[in-house]
Amino acid sequence: MTVRDQLIDLSKALRQFHSVLLEHSKREYELKHEPIASPFAYWQLVVSHPHFSWLRPLSGLMGTLDEVIDTKGPLTEQNVMDVHKALAMLFSPLDTSFVDFRKEYQRFRDFSDVKFAEARWRALIEGTLN
């Protein structure tokens, strides 16, 4: 498996993880406010409403990962290690940059779909899933 393939698999797994977290946050938003009228309205909320701001660090990491995957040049193990490092920072209680992400993630982490999606990307990081 090439480095690009590894990163593509990780990108897919992170996208699934992001999606389930987003879905839980969406349900919570609709319970507190009102049903979201359309996919466009949903997109606008995700990119601009404070309720969804906690997910933006993960969204940004995924965007950067996709840009790396799309580069024309060769990818190396350093690219993989950079993603590992970024994920470690996102989840590290020692890094104060992502406190909001970790706080909100903690509220959803025990849902079975979140556990499953997280286990998938973590297995890819640990090299136990191909």
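Shown above is the structure to which this text applies.
How each quantity is defined
- Residues numbered from 1 in each chain as written.
- Predicted model: local features only at pLDDT ≥ 70, side-chain atom pairs only at ≥ 80, totals over all residues.
- Heavy atoms only, no water.
- Helix = DSSP H or I, 4+ residues; strand = E, 2+ residues; numbered from the N terminus.
- Buried < 20%, exposed > 50% of the residue type's maximum accessible area, 1.4 Å probe, protein only.
- Contact = heavy atoms within 4.5 Å.
- Phe/Tyr/Trp six-rings, centres within 6.5 Å; stacked < 30°, edge-to-face > 60°.
- Lys NZ or Arg CZ within 6 Å of the ring centre and 35° of its normal.
- Salt bridge = Lys/Arg side-chain N within 4 Å of Asp/Glu carboxyl O.

Student: I'm lost on the side chain of Glu118 in this one. Help?
Tutor: By the secondary structure assignment, Glu118 is in helix α6 (residues 112-126). Taking relative accessible area as the criterion, Glu118 reaches 9% and is therefore assigned buried. With residues up to four places along the chain from it excluded, the contact list for Glu118 reads Phe17 and Tyr105.

Student: What am I meant to see in the packing of aromatic side chains here?
Tutor: One pair of aromatic rings is described through two measures. These are the centre distance and the angle between the planes. The final tally for this structure, using the stated rule, is 13 aromatic pairs. Measuring from centroid to centroid gives 5.2 Å for Phe91 and Tyr105, while their planes differ by 90 degrees, and the two rings are edge-to-face. Pair noted here: Phe91 is in helix α4 (residues 77-91) and Tyr105 is in helix α5 (residues 99-108), with a separation of 14 residues, a long-range link. In this structure, Phe91 and Tyr105 share a single accessibility class: buried. Connected via pairs of aromatic rings, a cluster forms that spans Phe17, Trp54, Phe91, Phe101, Tyr105, Phe108, Phe111 and Trp121. Sitting above the plane of the Phe91 ring, Arg122 keeps its charged end 5.0 Å from the centroid.

Student: Where do I start with the pattern of salt bridges in this structure?
Tutor: A side chain with one charge can pair with a side chain of the opposite charge if their charged atoms come near. Here the structure, examined in full by the defined rule, presents 6 salt bridges. Between Glu104 and Arg107 there is a salt bridge, and its shortest N-O distance comes to 2.7 Å. Residue Glu104 and its partner Arg107 are located together in helix α5, separated by 3 residues, close to a single helical turn. Under the relative-accessibility criterion, Glu104 is labelled buried at 15%. A salt bridge links Glu118 to Arg122; the shortest N-O distance between them is 2.7 Å. Note that Glu118 and Arg122 are positioned in helix α6 at a spacing of 4 residues, about one turn of the helix. The class for Arg122 is partly exposed, based on a relative accessible area of 31%. Connected through shared salt-bridge partners, Glu28, Lys103, Glu104 and Arg107 make up one network.

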